[in-house]
Amino acid sequence: MQSIARRSLLQGACASAAVSIGANAAQLGGGAHQATILYTNDFHSAFEPVPAFWLPGSPRLGGAAQLATLVERERASAGGATFLLDSGDMFTGTLSALTQGDALMEMMIAMRYDAMGTGNHEFDYGWKSFERSMLRVAFPVLCCNVRHRGNGIRFARPYTILEREGVRLGVVGVMGSRAARFTIMPSKVAELEFTDPVIEARACVAELREVVDAIVVLGHQGLPGPMQSDAENDPSVQRPLHEDLRFCDAVPGIDVYIAAHSHHGLEQPLLHPNTGAIITQTYGYGTRLGRIKLWLEGRKVKRHEVELLKVWSDRLPAHPAVSERLEHFRARTAEQIGGPLGKATARFTRKYNAESTLGSFCADAMRAHGRADVGLTNAGGLRADLPEGPLNRGHLVDAFPFVNTCVTLELTGRDLKAVLEQGFSLEAGMVQVSGLVARYDLKRERGDRLVDLRVGGKPVEEGRVYRVATHDFLAEGGDSYRPLTRGKIIDRGLLISEMLCSHVNEAGTISPPSPGRLQAV
């Protein structure tokens, strides 16, 4: 409660400052300026470069230390008013899980971020853990529409004013209703409530509009991004930006909207047809650094240039400060990661809108652990491929980094069919399964795409009760798998990552499962 009271006093002071600033609005901002905004989104603990196997020669992209070097080069070349922002979802991954997000926040400190928006994955370890992270960094962490349930006190700062070389930016953080409701585990934020993002953002923009040169919104909303290594090269899995566009239409006065959550990289920005807001987003995972150049005059954007800069890892030296901090956390967690548990005969890969070898493997492990008829998991929960060769705990935590436990529940055949229908909607990617064979037709209307479902080789009976193994995020209705909430939980097992480690250790050698569980008509 002390931290809540302390933040309440700070936020009250900020509100008072905004009122006094407003009285002298004519003296603030409004001149002719140039500014550069560097930005990231959905980094998801992508500390290491990744091979871009979809590009000729498989060059490496990303890496925290290489990204940091590119940021420093851009700061030096731009000069003057340069700002570094992030739109949320820094967390997930092995180092994040083992340090409760500390490794990410230390990286951001070393890179000198100016502000961060809040993503759904910042709550992976519970709101109290995230609160601790927010209070230990110098830069503001923003979200205008999350409050403590019952008393209405803000959980985070709604906005900040950044001033550099005479340029004043008003920066607002916002979490979309869908991202809050369906991609955060309810029990992790039971004491918080996410209020209307449009109403809250309008109020922030109204407070800021006359005292800053430009307003930037760090928006975390829409559909979740596709969990697929080559997603940026696969147009079929790109997520629409409908919610972001509706938001920018409903909140006039936004100059720049840096999107997140959907990982929809925009090589060219969108200009909102009604409000003129500049809408942009990277593909996530630190493979791009977004750069916006603004020419400002009279609190208006007169001209802009936006580019997504590829982080060519092999051409960029590692940033010393970021490398040093990452090595510190690797050393701190080396004992927890340990040595090899087993080995993979081939790479286990993810597919967001189809059956995948990694998804089938995880569902198999859940079914075995829960001694169940069926195993189910979500494509969005699979965050890294498993490499061919030796596997340690780090590989398996990277693949499923969330603090979720395996649960076994009793579910009717009718509800099991409804679960498969949700998976075939592709709203949150394709459901991954074990113990069943399902035929589906994506050309049919949503809710009527399941053609045939068999468990153990026999047609599913709607009135029969089946034993289903999954994890507690889905059992609480996460990713819109609400039919699972009608099941009766009869057993709770290990953390999914620990269960996978045990499964690999017992097997010794694992091979990718054969396809054919999910059959498109």
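You'll find the structure just up there.
Residues numbered from 1 in each chain as written. Predicted model: local features only at pLDDT ≥ 70, side-chain atom pairs only at ≥ 80, totals over all residues. Heavy atoms only, no water.

Draft legend 1. Main features of the overall build of the protein. Helix and strand counts for the protein come out as 14 helices and 28 strands. Across its three principal directions, the C-alpha atoms of the protein cover 75 × 45 × 45 Å. For the protein, restricting intrachain contacts to residue pairs at least 6 apart in sequence, the fraction spanning at least 24 positions comes to 77%. About 20,200 Å² of surface is accessible on the protein, with carbon and sulfur atoms providing 50% of the total. Of the charged side chains in the protein, 58 are positive and 58 negative; the average position of the first set lies 1 Å away from that of the second. (Helix = DSSP H or I, 4+ residues; strand = E, 2+ residues; numbered from the N terminus. Contact = heavy atoms within 4.5 Å. Areas by Shrake-Rupley, 256 points an atom, 1.4 Å probe, with all protein chains shown as cover. Lys, Arg positive; Asp, Glu negative; His and termini not counted. Charge placed at Lys NZ, Arg CZ, Asp CG, Glu CD.)

Draft legend 2. Fine view of unusual backbone geometry. Of note, the phi angle at aspartate 89 is positive, near 70°, even though the residue is not glycine. Along the chain, the position of aspartate 89 falls in the loop between β4 (82-86) and α3 (94-99). Located in the positive-phi region is aspartate 479, a residue other than glycine, with phi close to 55°. For aspartate 479, the position within the fold is in the loop between α13 (472-475) and β26 (488-495).

Draft legend 3. Structural view of helix α14 (residues 496-507). Its 12 residues place the ends of α14 16 Å apart at the C-alpha level, agreeing with the 16 Å of an ideal helix rising 1.5 Å per residue. Every buried residue of α14 is listed here: Ile496, Ser497, Met499, Leu500, Cys501 and Val504. Directly beyond the C-terminal end of α14, a positive phi value near 80° is found at glycine 508. (Expected span 1.5 Å × (residues − 1). Buried < 20%, exposed > 50% of the residue type's maximum accessible area, 1.4 Å probe, protein only.)

Draft legend 4. View of the packing of aromatic side chains. One pass over the structure, following the stated rule, counts 13 aromatic pairs. Ring centres of phenylalanine 53 and tryptophan 54 lie 5.2 Å apart, and the angle between their planes is 80°; this geometry places the pair in the edge-to-face category. On the basis of relative accessible area, tryptophan 54 is assigned to the buried category, the value being 15%. In this structure an aromatic cluster arises from ring pairing among Phe91, Phe123, Tyr125, Trp127, Phe130, Phe155 and Phe194. Over the face of the ring belonging to tryptophan 312 we find arginine 315, whose NZ or CZ atom lies 4.7 Å from the ring centre. (Phe/Tyr/Trp six-rings, centres within 6.5 Å; stacked < 30°, edge-to-face > 60°. Lys NZ or Arg CZ within 6 Å of the ring centre and 35° of its normal.)

Draft legend 5. Up close: the sheet that holds strand β8 (residues 159-164). What the 6 strands build is an open sheet, ordered β8-β9-β11-β12-β14-β13; its pairing is mixed. Taken across any chain shown, the strands that pair with only one partner, and hence form the sheet edges, are β8 and β13 (270-271). Pairing geometry for β13 and strand β14 (residues 278-280), over 2 bridges, is antiparallel. The residue bridging leucine 270 from the neighbouring strand is isoleucine 279, located in β14. Relative to the sheet, helix α7 (residues 197-208) contacts β8, β9 (167-175) and β11 (214-220), its axis offset from that of β9 by approximately 170°. The sheet strands contacting helix α8 (residues 242-250) are β9, β11, β12 (256-260), β13 and β14, and the helix crosses β12 at an angle near 155°. (Pairing = 2+ DSSP bridges. Axes fitted to C-alpha atoms, helices over the stretch in contact; angles between N-to-C directions.)

Draft legend 6. The pattern of salt bridges, seen in detail. Taken as a whole and assessed by the stated rule, the structure comprises 30 salt bridges. With a closest N to O distance of 3.0 Å, glutamate 72 and arginine 75 form a salt bridge. With a gap of 3 residues between them, glutamate 72 and arginine 75 both fall in helix α2 (residues 64-78), about one helical turn apart. Measuring nitrogen to oxygen at the nearest pair gives 3.0 Å for the salt bridge that ties arginine 209 to aspartate 255. Highlighted residues: arginine 209 in the loop between α7 and β11 and aspartate 255 in the loop between α8 and β12, separated in sequence by 46 residues. Across the pair, aspartate 255 and arginine 209 agree in class, each one buried. Via salt bridges that share partners, Asp102, Glu106, Arg132, Arg136 and Arg325 belong to a single interconnected network. (Salt bridge = Lys/Arg side-chain N within 4 Å of Asp/Glu carboxyl O.)

Draft legend 7. Structural context of the sheet that holds strand β20 (residues 405-412). The 5 strands are arranged β21-β18-β25-β20-β26 in an open sheet whose pairing can be described as mixed. Looking along the sheet, the strands with just one partner apiece sit at the ends: β21 (431-434) and β26. In this sheet, neighbouring strand axes are inclined to one another by 25° on average, regardless of whether the strands run parallel or antiparallel. Direction of pairing for β20 relative to strand β25 (residues 465-471): antiparallel, over a ladder of 7 bridges. Paired with glutamate 410 across the strands is arginine 467, a residue of β25. Those strands touched by helix α10 (residues 357-370) are β18 (374-378), β20, β21, β25 and β26, and its axis lies near 135° from that of β18. Contacts from helix α12 (residues 413-424) reach β18, β20, β21 and β25 within the one sheet, and its direction differs from that of β20 by about 120°.

Draft legend 8. The pairing of β18, seen in detail. In terms of residue burial, β18 counts as a mostly covered element, since 5 of its 5 residues are buried. Residues of β18 alternate between two faces, with Val374, Leu376 and Asn378 on one and Gly375 and Thr377 on the opposite face, all of them buried. Note that β18 and β25 share 2 bridges and pair parallel. Following the sheet pairing, glycine 375 is matched in β25 by alanine 469. For β18 and β21, the ladder comprises 4 bridges, and the chain directions are antiparallel. Paired with threonine 377 across the two strands is glutamine 432, which belongs to β21.

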